[in-house]
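Coordinate inspection notes
This is what each chain is made of:
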Amino acid sequence: MTAYSINGYGVAVSLRSSKTILVEGVSDKRLLSRLMLQRQLTGNVAMNCCLDEVAIVSDDPMLAGLGAKQKIQIIANMVGDQEGQFNWLVDREWDGVDLEAEPMSTPLVEPMPWGKKTKGHSIENYWFRSHVLVDYLKMFYGDQLPAAYFLNLHDRFKSMLQLAAAFSFAAKRLAIIGRCQGAITSGDAEWNGHNYLLKSTINTTLLLRNVPTDVAAESNSELQGSRLQTAPIDALQWLCHGHLGEEVVRSCAANLAAEMGAQAATVEAIERGSRAEKFAHHSNSVVELEQCQIEPLWDLVAWAEA
């Protein structure tokens, strides 16, 4: 892969006959590519757009030590819109979102004259919907799980999102998001008959990552607060941390599979396995949603039309 400086990348973009969208990583690139394909197939339009991951611009001291989002914002400011030929997408994270608001509400799409931020925390939030998860699990594990599993999964999905949000908010407040990624397992979630809670077993894992805090207690405290208990499911979808939220939801789904007597291999696969297949399925599900549910990604797709 060619490594550009910021100025070199600007020159490369200006020489292209196509438009260009700069994104943070491979997941953003693949989902936008799938949306563009859908637009071509259903709208009878042509696309002439190059999707670049920000890693393509690395040979520049101005970007040293920065995250992908910060890199894109610096690059975009220096490269400019190239007379309408250059655009960009970054994760919103929690920009402009009041996590202490009560009641919590669905974040609005920020109006931006140029460039886009995801509606929710990151790209993963677009598929935090019960039917997407249920359809995926039916497709890959429908022969291994009883019908009651899928009915319970649908009924408990809001509770899964509540725990995902609680874990996300606690990790943010404690400044341990990076150390929490990949930590939760199906054995760390517990259904108490009404809600999913986080068990103290996760503290053992996090202690090995130099986190001495009782994260389970901190997360359960967040969970029991009225702002999460009263938050609508569509708000929870967008407010969870993308990676942590997905890991919590999958761990809860795997915990339910264990509760229903699934084999250990199936439980483990639901929790962590089949990443490529999961992403392909979820991307395919997202493009079938109404355009208003995929804001502002469809706006970028429309911009990319030739």
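We now turn to the structure provided with this report. (Residues numbered from 1 in each chain as written. Predicted model: local features only at pLDDT ≥ 70, side-chain atom pairs only at ≥ 80, totals over all residues. Heavy atoms only, no water.)

**Quick look at helix α5 (residues 147-173)**
Where we set the bar: In this text, helices come from DSSP runs of H or I with a minimum length of four residues, and strands from runs of E with a minimum of two, each type numbered from the N-terminal end. Expected span, for any helix, means 1.5 Å times one less than how many residues it has. We define the bend at any residue as the angle between the axes fitted to the seven residues before and including it, ending there, and the seven starting there.
Look at α5: 39 Å from first C-alpha to last across 27 residues, which is about the 39 Å you get at 1.5 Å a residue. At R156, α5 shows its largest bend, some 50 degrees. A175 sits one or two positions beyond α5 and adopts a positive phi of about 55 degrees.

**Some thoughts on the pairing of strand β1 (residues 19-23)**
Our working rule: When accessible area is computed with a 1.4 Å probe and restricted to protein chains, residues below 20% of their type maximum are described as buried, those above 50% as exposed, and intermediate ones as partly exposed. Crossover handedness is defined by viewing with both strands directed away from the observer: a clockwise path from the first strand over the helix to the second marks the crossover as right-handed. Two strands form a pair only when DSSP identifies at least two bridges running between them.
Summarising burial for β1: five of the five residues are buried, a large majority. Where burial is concerned, the two faces of β1 agree: the one with K19, I21 and V23 and the one with T20 and L22 are both buried. A crossover connection joins β1 to the parallel strand β2 (residues 49-53) through helix α2 (residues 26-43); in handedness this β-α-β unit is right-handed. Here β1 runs beside strand β3 (residues 86-90); their pairing, made up of three bridges, is parallel. Among the inter-strand pairings, L22 is bridged to a residue of β3, identified as W88.

**Remarks on the pattern of salt bridges**
We count it as follows: Definition used for salt bridges: Asp or Glu carboxyl oxygen within 4 Å of a side-chain nitrogen of Lys or Arg.
For the structure shown, the criterion picks out 12 salt bridges. A salt bridge links K138 to D135, with the nearest nitrogen and oxygen atoms 3.7 Å apart. You can see K138 and its partner D135 sitting in helix α4 (residues 130-141), three residues apart, about one turn around the helix. In this structure K138 comes out as partly exposed when scored by relative accessible area, which is 43%. Taking relative accessible area as the criterion, D135 reaches 32% and is therefore assigned partly exposed. Of the charged contacts in the structure, one is a salt bridge between E222 and R173, with a shortest N-O distance of 3.1 Å. One end of the pair, E222, is in helix α8 (residues 215-224); the other, R173, is in helix α5, and 49 residues separate them in sequence. On the basis of relative accessible area, E222 is assigned to the buried category, the value being 10%. Each of K69, E93, D95, E110 and K117 takes part in one network of salt bridges that share partners.

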